[in-house]
Amino acid sequence: MTTLPLMPKATAVWLIERTALSFGQIAEFCGMHPLEVQAIADGEVAQGIVGYDPVSNRQLTQEEIRRCEANPDAKLKILAVNNPVKRRSKGARYTPVAKRHDRPDAIAFLLRNFPQLGDQEVVKLLGTTKDTIAKVRNKQHWNTPNIKPRDPVTIGLCRQADLNAAVQAANLRLEREGHEVPQAPLPESFGEHESAPNE
């Protein structure tokens, strides 16, 4: 798949106005038909579109333009993007309204079963806030009597892979800091931290 420049039509306008490149070269670089580029040059299309400079926006170099101006058969090569726009993959995620009432249960589950997770990691996993985590932890949440620890994966608040990665990262952090890594999740119910697990 060919990588196209940002704003191809505006880039074509700039290349038509500022370079001696052929319509075919511009068309191929911008992912357009040569007749469309010719129509832009004739003022039949893209009227009012301001040219988008691919040189100052680091999509082309002036040397690359000169190389292709000197050889009509040469093809413009777009520069590799050094700093691509990253899709949001980290941070608190949106939780549908229908599932928001499940978050305190999921927070209780993570606090009980994975004490090595920091608040920030729980925030990222569940799309919650540190304030809510603190209220669940301190039993000051408005719905504390009804909170039942439930696995966030089974209730659809996070993926198992994300939970595993967060727990593994937290374990490595504890090892680096010289702390003991908690064992596998304990089966006791929320709020009974002092009771020994039933084997």
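Reading guide: rules and limits
Residues numbered from 1 in each chain as written. Predicted model: local features only at pLDDT ≥ 70, side-chain atom pairs only at ≥ 80, totals over all residues. Heavy atoms only, no water. Helix = DSSP H or I, 4+ residues; strand = E, 2+ residues; numbered from the N terminus. Buried < 20%, exposed > 50% of the residue type's maximum accessible area, 1.4 Å probe, protein only. Contact = heavy atoms within 4.5 Å. Axes fitted to C-alpha atoms, helices over the stretch in contact; angles between N-to-C directions. Parallel < 35°, antiparallel > 145°, perpendicular 65-115°, else oblique. Nonpolar A, V, L, I, M, F, W, Y, C, P; charged D, E, K, R; others polar.

Caption draft 1: Seen up close, the overall build of the chain. On a plain count of helices and strands, the chain comes out with nine helices and zero strands. Each helix and strand of the chain, placed in order from N terminus to C terminus, yields the pattern α-α-α-α-α-α-α-α-α. In the chain, which comprises 199 residues, the share counted as buried stands at 34%. Here the analysis covers contacts within the chain between residues at least 6 apart in sequence; of these, 62% occur between residues at least 24 apart.

Caption draft 2: Structural view of the packing of helix 7 (residues 119-126) against helix 8 (residues 130-137). Put simply, helix 7 and helix 8 touch, their axes get as near as 9 Å, and they point 110 degrees apart. As the angle between them shows, helix 7 and helix 8 are arranged roughly perpendicular. Of the residues in helix 8, those in contact with Asp119, Gln120, Val122 and Val123 of helix 7 are Lys130, Ile133 and Arg137. Class assignment for the residues of the contact of helix 7 with helix 8 results in three nonpolar, one polar and three charged.

Caption draft 3: Unusual backbone geometry, seen in detail. Phi is positive for Met7, close to 45 degrees, though the residue is something other than glycine. Note that Met7 resides in the segment before helix 1 (8-18). For Arg58, which is not a glycine, the phi torsion comes out positive at approximately 60 degrees. Residue placement: Arg58 occurs in the loop between helix 3 (34-41) and helix 4 (62-70). Assessed through its relative accessible area of 68%, Arg58 is described here as exposed.

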